[in-house]
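# Topology and contacts: notes
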Protein chains: 2
Amino acid sequence: MTKIKNMEEFAAVSGISRPTVSKYFHDPDSVRATTRARIEEALERFDYRPNIFAVNQNRKLTKNIGIVVPYLADPFFVEIARYLEQSCIAAGYRPSLFSSHGEQKLENEILDSLRSLKPAGVLLAPLGRASDRSQIEKFCENVPTILFDSNLEGLGAAFVGSDNFSFVSQTVEYMTRTGEPPSFFEMRTPANPNANKRRKAYIEVMERHGFEPHVIKIDGEGWAFEEIGRQGAARVLERQELKTNSVLCSNDRLAIGFLSACYEQGIRVGRTADCALRVASNDGHPFARFTCPSLTTAAHDYDNVAGRSVETLFELIESGGKFSNRAETLFPARLVLRESA
Amino acid sequence: MTKIKNMEEFAAVSGISRPTVSKYFHDPDSVRATTRARIEEALERFDYRPNIFAVNQNRKLTKNIGIVVPYLADPFFVEIARYLEQSCIAAGYRPSLFSSHGEQKLENEILDSLRSLKPAGVLLAPLGRASDRSQIEKFCENVPTILFDSNLEGLGAAFVGSDNFSFVSQTVEYMTRTGEPPSFFEMRTPANPNANKRRKAYIEVMERHGFEPHVIKIDGEGWAFEEIGRQGAARVLERQELKTNSVLCSNDRLAIGFLSACYEQGIRVGRTADCALRVASNDGHPFARFTCPSLTTAAHDYDNVAGRSVETLFELIESGGKFSNRAETLFPARLVLRESA
DNA sequence: ATAAAAACTTTACGCGCGTTAAGTTTTGAT
DNA sequence: ATCAAAACTTAACGCGCGTAAAGTTTTTAT
């Protein structure tokens, strides 16, 4: 069996002309059934596939899709990325995964190298506060981009994410209904715009129920949320800054740190009578099941956020890269009751 | 300012001929200093960069490097991947990150799509037991590949990983020195060859110290180690199958599940007198700091494993893709003492 | 059966760059 | 100043494929 070097040779052994073979690889349904059969039969005898570099050089639009997440060490983004990758592959695209690892410089570099990939579209979960807004703006002008998870107002052709109000209202209402109203535990300078929306939602829901909001802001920079949460919680607990026996953490990774601090100080967390504190949180982190105690949390609707993101991107690509108006789709959270609250 | 379309135009505005410009982009030091200066000056005035598809089509060897990990939801691999990515970029290569997500089908697909990327080299952490050995073998014949983390005997040009004996001997010796000898807690059918080496090391070290080894094998398939560990531990604890008050988990993710089960059953874990059980583990998982109690573990030497892997790959690339013999480099573990043991 | 439409074939050019060959200029050592 | 080596320039071909144009065959509709 001779090695097939290029489409010319493959066309020869399949008995079909090269332009038709080229058409087939672009879209198998664009050729006659009998032709398709002959090509596919040849495809089984010889393992040929078009040189993607040559293909991408000559097509105006590649089949590449960029997936950018801010922090891959967060299993939440890994989950989302996995779903996005597979949806892209299923639709015949070639996804490439990138993580900004929490750094603006890296995010910019990724956008830069993404540009040269001439992608059909990009799914971008930006860093948020640390993002270089002007760079992302420029990027979105040239490349069809859907923002997800973290919304940068006005940027990208559309945004798909979670409804932060839904997260917080569910957790706050659950906690107040079954116990004392919670304090809100967050970073002083959150990395992510979702955090601000969650704080606002907390205040609004608390006031609506006639409770006085109590926001605890802890110091810390960067994306090492667990450690920041642990140290912040340690201080808060030592100084007894909690007004009630109930805490709502802005996100699960802070909560993981919080629970760690509680354990270290011998403070028993849970909803049972023998516990001194209840802790709930937001995100539905994959590890929330394994904290001690297991973490009550309002979970992202992973499947819908990821699914809608790719759907929207495909629509965008088919629309030629532009939408007439920028839609924002928000999915509500699903409250997951566990032992911590 | 006119837009530069291709190298021809860029050569024109820089006043240098296209072949020389091409040479510059291949290696800036290969042209005369004055020439380099003129090109770089033009580079500042116009933002041009070579079309990577055209470049890759024509170069025998691309500057692409594939990084494949078995399970990205494990932050351990994210850490390694981050280091590998940055080393590749620093060396002028373009890394692409892939995760097999624990599935053989995906691992094979990744190798397949990697082939068409014509990479200069690949850093592959295989699934292990779930890997399709023959597929990986074929792949390694055609693409310069360094295996890391998980060794498949004889495959790849070299292997870089951790010395499992060092992990287990340190943890076992520490535990026996400061308390009772541990039972070994692992999956009956581990996903990874490292697990087997750890078991063997456990048995050897125990026997060397005159203790009877006690291996506890729990059921469970797949890569959801935390949940497998939790359920397995729950059974073990209920049936009181432990011979001593001391457990060594094969890896940190199992240990996270183990600690979770202990907490659920009200079993206090730690090295202090008021604790019923000591639990240690292996890997140095980024979350091990935040378990309750914090997890004593033998940590991978991340930096060295990652650093040596890329170094070896670069050597391999420079050697033309073949080594005369297949070296296996193992780095010892670093024992991290925390509260759990 | 017949004509129009659809799908195909052949031919040929272009994409952007790597690379080579032959000739020219610059460099640096003597 | 002299000359060989080094670095450059011009010219040209090739990579593998997209794609367009013109002509031919097959399909579909009437």
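Since the structure is predicted, the reported quantities are computational estimates derived from the model, not experimental observations. (Residues numbered from 1 in each chain as written. Chains lettered and ligands numbered in written order. Predicted model: local features only at pLDDT ≥ 70, side-chain atom pairs only at ≥ 80, totals over all residues. Heavy atoms only, no water.)

Turning to the overall build of chain A, a few remarks are in order. The helix and strand inventory of chain A stands at 12 helices and 12 strands. Expressed as lengths along the three principal axes of its C-alpha atoms, the size of chain A is roughly 80 × 40 × 30 Å. Within the span of chain A, comprising 341 residues, buried residues form 57% of the whole. Sequence-distant contacts, at least 24 apart, represent 70% of the contacts inside chain A between residues at least 6 apart. Total accessible area on chain A is roughly 14,600 Å²; 48% of this is exposed by carbon and sulfur atoms. In chain A, 42 positive and 44 negative side-chain charges are present, and the distance between their average locations comes to 4 Å. (Helix = DSSP H or I, 4+ residues; strand = E, 2+ residues; numbered from the N terminus. Buried < 20%, exposed > 50% of the residue type's maximum accessible area, 1.4 Å probe, protein only. Contact = heavy atoms within 4.5 Å. Areas by Shrake-Rupley, 256 points an atom, 1.4 Å probe, with all protein chains shown as cover. Lys, Arg positive; Asp, Glu negative; His and termini not counted. Charge placed at Lys NZ, Arg CZ, Asp CG, Glu CD.)

With that settled, consider the interface of chain A and chain B. Tallying the contact residues gives 42 residues for chain A and 42 residues for chain B. Between chain A and chain B lies a buried interface of about 4,100 Å² when both sides are counted; carbon and sulfur atoms form 60% of it. The three residues of chain A that bury the most area against chain B are Phe53, Tyr263 and Phe290 of chain A, which together make up 20% of that side's buried surface. Inspection of the region where chain A meets chain B yields four salt bridges. (Buried area = accessible area lost by both parts, 1.4 Å probe. Salt bridge = Lys/Arg side-chain N within 4 Å of Asp/Glu carboxyl O.)

Residue and element names in this part refer to chain A. Spatially, E7-E6-E8-E9-E10-E12 is the arrangement adopted by the six strands of the open sheet, whose pairing is mixed. A single partner strand is all that each edge strand has here, and the edge strands are strand E7 (215-218) and strand E12 (334-336). Each neighbouring strand pair of the sheet contributes to a mean axis angle of 20 degrees, computed without reference to strand direction. As paired strands, strand E9 (residues 278-283) and strand E10 (residues 296-299) are joined by four bridges and run parallel to one another. Note that in E10 the partner of Ser281 across the bridge is Thr297. Lying over the sheet, helix H8 (residues 164-178) contacts strand E8 (246-249), E9, E10 and E12, oriented at roughly 165 degrees with respect to E9. (Pairing = 2+ DSSP bridges. Axes fitted to C-alpha atoms, helices over the stretch in contact; angles between N-to-C directions.)

Overlaying chain A on chain B yields an RMSD of 0.1 Å, the required transformation being a rotation through 180 degrees with an accompanying axial translation of 0.0 Å. Such a turn and shift between the copies fits a two-fold axis. In terms of proximity to the rotation axis, the leading residue of chain A is Phe53 of chain A, whose C-alpha is 2.4 Å off the axis. Most of the interface of chain A is mirrored in chain B, where 100% of its interface residues are also at the interface. (Least-squares fit on C-alpha atoms with pLDDT ≥ 70 in both.)

Residue and element names in this part refer to chain A. Domain annotation of chain A identifies domain 1 (7-57), domain 2 (58-162 + 302-332) and domain 3 (164-299). Spacing between the C-alpha centres of domain 1 and domain 2 amounts to 31 Å. Here domain 1 and domain 2 share an interface that buries about 590 Å² over both sides, 40% of which is from carbon and sulfur atoms. The largest per-residue losses of area from domain 1 upon contact with domain 2 belong to His26, Val55 and Asn56, which jointly make up 65% of the total buried on that side. In this assembly, domain 1 and domain 2 are joined by zero salt bridges. At the surface where domain 1 touches domain 2, the tally comes to five residue pairs in polar contact (both at pLDDT 80 or more). Tallying contributions element by element places helix H4 (residues 52-58) first for the side of domain 1 that touches domain 2, with five residues. (Domains from an automatic or database assignment. Polar contact = N/O pair within 3.5 Å; in protein donor to acceptor, adjacent residues only side chain to side chain.)

Glancing now at the sheet that holds strand E9 (residues 278-283) of chain B. Sheets are built from strands that pair by backbone hydrogen bonding, the pairs being arranged parallel or antiparallel. All names here are of chain B. Ordered in space as E7-E6-E8-E9-E10-E12, the six strands form an open sheet in which the pairing is mixed. Each edge of the open sheet is held by one strand with a lone partner, namely strand E7 (215-218) and strand E12 (334-336). Averaged over all pairs of adjacent strands, the angle between their axes in this sheet comes to 20 degrees, without regard to strand direction. By the bridge criterion, four bridges tie strand E6 (residues 183-187) to E7 in an arrangement that is parallel. Bridging across to E7, Phe185 finds its partner in Ile216. Sheet strands touched by helix H8 (residues 164-178): strand E8 (246-249), E9, strand E10 (296-299) and E12. Its angle to E9, the strand with the most contacts, is close to 165 degrees. Contacts from helix H10 (residues 225-238) reach E6 and E7 within the one sheet, and its direction differs from that of E6 by about 130 degrees.

Below, the discussion takes up the protein's contact with DNA strand C. Residues in close proximity to DNA strand C total 26 residues, the closest being Ser17 and Asn58 of chain A together with Met7, Ser22 and Tyr48 of chain B. Restricting attention to atoms of DNA strand C within 4 Å of the protein, one finds that 67% of them are sugar or phosphate atoms. In the environment of DNA strand C, a phosphate oxygen lies 2.4 Å from a nitrogen or oxygen atom belonging to the side chain of Ser17 of chain A. In the model, a phosphate oxygen of DNA strand C is placed 2.7 Å from a nitrogen or oxygen of the Thr20 of chain A side chain. Listing elements by their share of the surface near DNA strand C, those giving two or more residues are helix H2 (18-26) and H4 of chain A together with helix H2 (18-26) and helix H4 (52-58) of chain B. Split by residue class, the surface near DNA strand C holds nine nonpolar, 11 polar and six charged. (Near = heavy atom within 4 Å. Nonpolar A, V, L, I, M, F, W, Y, C, P; charged D, E, K, R; others polar.)

In this structure, Leu123, Phe185 and Phe258 of chain A together with Leu123, Phe185 and Phe258 of chain B are the most contacted members of the largest nonpolar core, which totals 117 residues. Residues in contact with Phe258 of chain B, not counting those within four places in the same chain, are Phe185, Gly229, Arg230, Ala233, Leu237, Val247, Cys249, Leu277 and Val279 of chain B. With 37 residues, the next largest nonpolar core counts Ile110 and Leu155 of chain A together with Cys140 and Leu152 of chain B among its residues. (Core = buried A, V, L, I, M, F, W, Y, C linked by side-chain atoms within 4.5 Å.)

Next up on the list: the pairing of strand E5 (residues 158-162) of chain A. Residue and element names in this part refer to chain A. Along E5, five of the five residues are buried, which leaves the element largely enclosed by surrounding structure. Burial of the side chains of E5 extends over both faces: Ala158, Val160 and Ser162 are buried on one face and Phe159 and Gly161 on the other. Here strand E4 (residues 145-148) pairs with E5 via three bridges, running parallel. Looking at E5, one finds that Ile146 is bridged to Ala158. One ladder, built from five bridges, connects E5 with strand E11 (residues 327-331); its direction is parallel. Within E11, the residue paired with Phe159 across the bridge is Glu328.

Further remarks concern the UniProt feature "domain: HTH lacI-type" (unreviewed entry) in chain A. Taking the numbering used here, the UniProt-annotated feature "domain: HTH lacI-type" (unreviewed entry) corresponds to residues 5-59 of chain A. The straight-line gap between the two end C-alpha atoms of residues 5-59 of chain A is 20 Å; of that span, 67% is helix and 0% is strand. (UniProt positions renumbered as here; feature names shortened; annotations may be inferred.)

If you check the shell around DNA strand D, you find 26 residues, and the closest are Met7, Ser22 and Tyr48 of chain A together with Ser17 and Asn58 of chain B. Sugar and phosphate atoms form 65% of the subset of DNA strand D atoms that lie within 4 Å of the protein. Tyr48 of chain A places a side-chain nitrogen or oxygen 2.4 Å from a phosphate oxygen of DNA strand D. Secondary-structure elements contributing two or more residues to the surface near DNA strand D are H2 and H4 of chain A together with H2 and H4 of chain B. Residue contributions to the surface near DNA strand D peak at four residues, all from H4 of chain A. Of the residues contributing to the surface near DNA strand D, the split by class is nine nonpolar, 11 polar and six charged.

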